[in-house]
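Single-letter residue listing:
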Amino acid sequence: MAAAARAAIQTFSRKLTPMLDRVIVQKAEAVTRTKGGIVIPEKAQGKILEGTIIAVGPGARNEKGDHVPVGVAVGDSVILPEYGGTKVEIDDNELFIYREHDILAKINKE
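Note that the structure is predicted; figures quoted are calculated from it, not measured.

What counts as what
- Residues numbered from 1 in each chain as written.
- Predicted model: local features only at pLDDT ≥ 70, side-chain atom pairs only at ≥ 80, totals over all residues.
- Heavy atoms only, no water.
- Helix = DSSP H or I, 4+ residues; strand = E, 2+ residues; numbered from the N terminus.
- Buried < 20%, exposed > 50% of the residue type's maximum accessible area, 1.4 Å probe, protein only.
- Contact = heavy atoms within 4.5 Å.
- Areas by Shrake-Rupley, 256 points an atom, 1.4 Å probe, with all protein chains shown as cover.
- Core = buried A, V, L, I, M, F, W, Y, C linked by side-chain atoms within 4.5 Å.

1. Details of the overall build of the protein chain
Each helix and strand counted, the protein chain has one helix and eight strands in total. Going from the N terminus to the C terminus, the protein chain shows its helices and strands as α-β-β-β-β-β-β-β-β. When the 110 residues of the protein chain are sorted by exposure, 28% land in the buried category. Residue pairs in contact within the protein chain that sit at least 24 positions apart in sequence constitute 63% of those at least 6 positions apart. Per element, the accessible surface of the protein chain, about 7,600 Å² overall, is 51% carbon and sulfur.

Set out below in structure tokens:
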């Protein structure tokens, strides 16, 4: 996990707490240069579909009223849908709030 992601987790986990099965995600930065040094214009860059979980809610409730734990944890890398999520700006940082079932996959870095 990058140092910037760790710093964001510590900062935003104190400021925002998602409700129920929602998670807060910081999207990865778009690649703006190739390995050869060519600058890629904004319009040619693809959508960013990967992010890091910053905060996790306690989970949805079942019929008995018990919390069902969320399947992702703080610091996990995930694949996100192309559209969706609620954009939130805090301290000039863009964060997105998703429901757990909107997250497409968890990236296992082993």
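That shown, we press on.
2. Examining unusual backbone geometry
Even without being glycine, Leu20 reaches a positive phi, approximately 50°. Along the polypeptide, Leu20 turns up in the loop between helix 1 (3-15) and strand 1 (22-27). Here the phi dihedral of Asp91 falls at roughly 50°; this positive angle occurs in a residue that is not glycine. As for its position among the elements, Asp91 is in the loop between strand 6 (86-90) and strand 7 (93-99). The class of Asp91 is partly exposed, set by a relative accessible area of 49%.

3. A closer look at the nonpolar core
Of all hydrophobic cores here, the largest spans ten residues; its members are Val23, Val25, Ile53, Val70, Val72, Val78, Leu80, Phe96, Tyr98 and Ile103. The set of elements that each furnish at least two residues to this core consists of strand 1 and strand 7.

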